[in-house]
Amino acid sequence: MYEAESFIEKGVSRGIVLADSQTGGYGRNDKPWFSPENGNIYITFFEKSDIKLVPQRVAMAAFNTVSAFSKADSVKIKWPNDILISGKKVCGI
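Residues numbered from 1 in each chain as written. Predicted model: local features only at pLDDT ≥ 70, side-chain atom pairs only at ≥ 80, totals over all residues. Heavy atoms only, no water.

Some remarks on the overall build of the chain
Stated precisely, the cut-off is as follows: Secondary structure follows DSSP: runs of H or I at least 4 residues long count as helices, runs of E at least 2 residues long count as strands, and numbering of each begins at the N terminus. Between buried and exposed lies partly exposed: a residue is buried under 20% and exposed over 50% of the maximum accessible area for its type, with that area taken using a 1.4 Å probe on protein chains only. Here, two residues are considered to be in contact whenever any of their heavy atoms come within 4.5 Å of each other. Each accessible area is a Shrake-Rupley estimate made with a 1.4 Å probe; only the visible protein chains count as cover when residues are assessed.
Broken down by element type, the chain carries 2 helices and 5 strands. Across the chain, helices and strands are ordered from the amino to the carboxyl terminus as α-β-β-α-β-β-β. For the chain, the spread of C-alpha atoms along the three principal axes comes to 45 × 30 × 25 Å. The buried share among the 93 residues of the chain stands at 19%. Taking the intrachain contacts of the chain between residues at least 6 apart in sequence as the baseline, contacts between residues at least 24 apart amount to 35%. Summed over all atoms, the accessible surface of the chain reaches about 7,500 Å², with 56% contributed by carbon and sulfur.

Written out as structure tokens, the structure is:
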């Protein structure tokens, strides 16, 4: 997020930031999480626009993609933004 904010301050209107690990991660209610460097992909995208439903749209896109490669019955969305396979989190938006 800090990198995305830096790009915005430099006048970049939209983009994607990829990382191998994440420091200072947090979610709703400032709940912290750890994002280790272990083969995961951490992505932040940013755009100067009204993006009220973007997290939900991205969750649906991730759900559809994961479902294409997994048994459809085992893939669920823990609304609003986590993708689960057989009850285990595989993706968070």
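Having put the structure on the table, let's press on.
A short note on the pairing of strand E5 (residues 88–92)
For clarity, the threshold we go by: Any two strands with at least two DSSP bridges between them are considered paired.
Note: strand E4 (residues 82–85) against E5, 4 bridges, orientation antiparallel. Bridging from a neighbouring strand, Asp82 pairs with Gly92 of E5.

Details of the packing of aromatic side chains
In plain terms, the rule: Pairing of aromatic rings covers Phe, Tyr and Trp, the last counted by its six-membered ring, and requires centre-to-centre distances within 6.5 Å; plane angles under 30 degrees mean stacked, over 60 mean edge-to-face, and any other angle means tilted.
One pass over the full model with this rule turns up 1 aromatic pair. Aromatic pair Phe7 and Phe46: ring centres 6.2 Å apart, planes at 10°, arrangement stacked. Note that Phe7 is positioned in helix H1 (residues 2–9) and Phe46 in strand E2 (residues 42–47), a separation of 39 residues in sequence. For Phe46, a relative accessible area of 8% corresponds to the buried category.

Some thoughts on the environment of Thr23
You can see Thr23 is positioned in the loop between strand E1 (14–19) and E2. Separated by 13 residues in the primary sequence, Thr23 and Pro36 place their C-alpha atoms 8.5 Å from one another.

Let's talk about the pairing of strand E3 (residues 75–78)
Sheet faces and side chains relate simply in a regular strand, where the side chains alternate between the two faces. Relative to E4, E3 is paired through 4 bridges, and the arrangement is antiparallel. Bridge pairing links Val75 to Ile85 in E4. Between E3 and E4, which follow one another and run antiparallel, lie 3 residues.

What about a nonpolar patch on the surface?
In plain terms, the rule: Each patch groups residues whose relative accessible area exceeds 30% and which form no salt bridge, using 9 Å between like charges and 5 Å between nonpolar side chains of Val, Leu, Ile, Met, Phe, Trp and Tyr. Just to be clear on terms, a salt bridge is a Lys or Arg side-chain nitrogen sitting within 4 Å of an Asp or Glu carboxyl oxygen.
Residues Ile16, Leu18, Ile41, Ile43 and Phe45 make up a contiguous nonpolar surface patch of about 570 Å² in total accessible area. Secondary-structure elements contributing two or more residues to the nonpolar patch are E1 and E2. Residue placement: Leu18 occurs in strand E1. You can call Leu18 exposed: its relative accessible area is 61%.

What about the sheet that holds E4?
The following threshold applies: Lines fitted to C-alpha atoms define the axes here, with helix axes fitted over just the stretch in contact, and angles between the N-to-C directions of these axes take values from 0 to 180 degrees.
Judged by pairing direction, the sheet is antiparallel, and its 3 strands sit side by side in the order E3-E4-E5 without closing on themselves. Whereas interior strands pair on both sides, the edge strands pair on one side only; in this sheet they are E3 and E5. Strand-to-strand twist in this sheet, taken as the mean axis angle between neighbours without regard to direction, amounts to 35°. Running at roughly 165° to E3, helix H2 (residues 54–68) makes contact with E3, E4 and E5 of the sheet.

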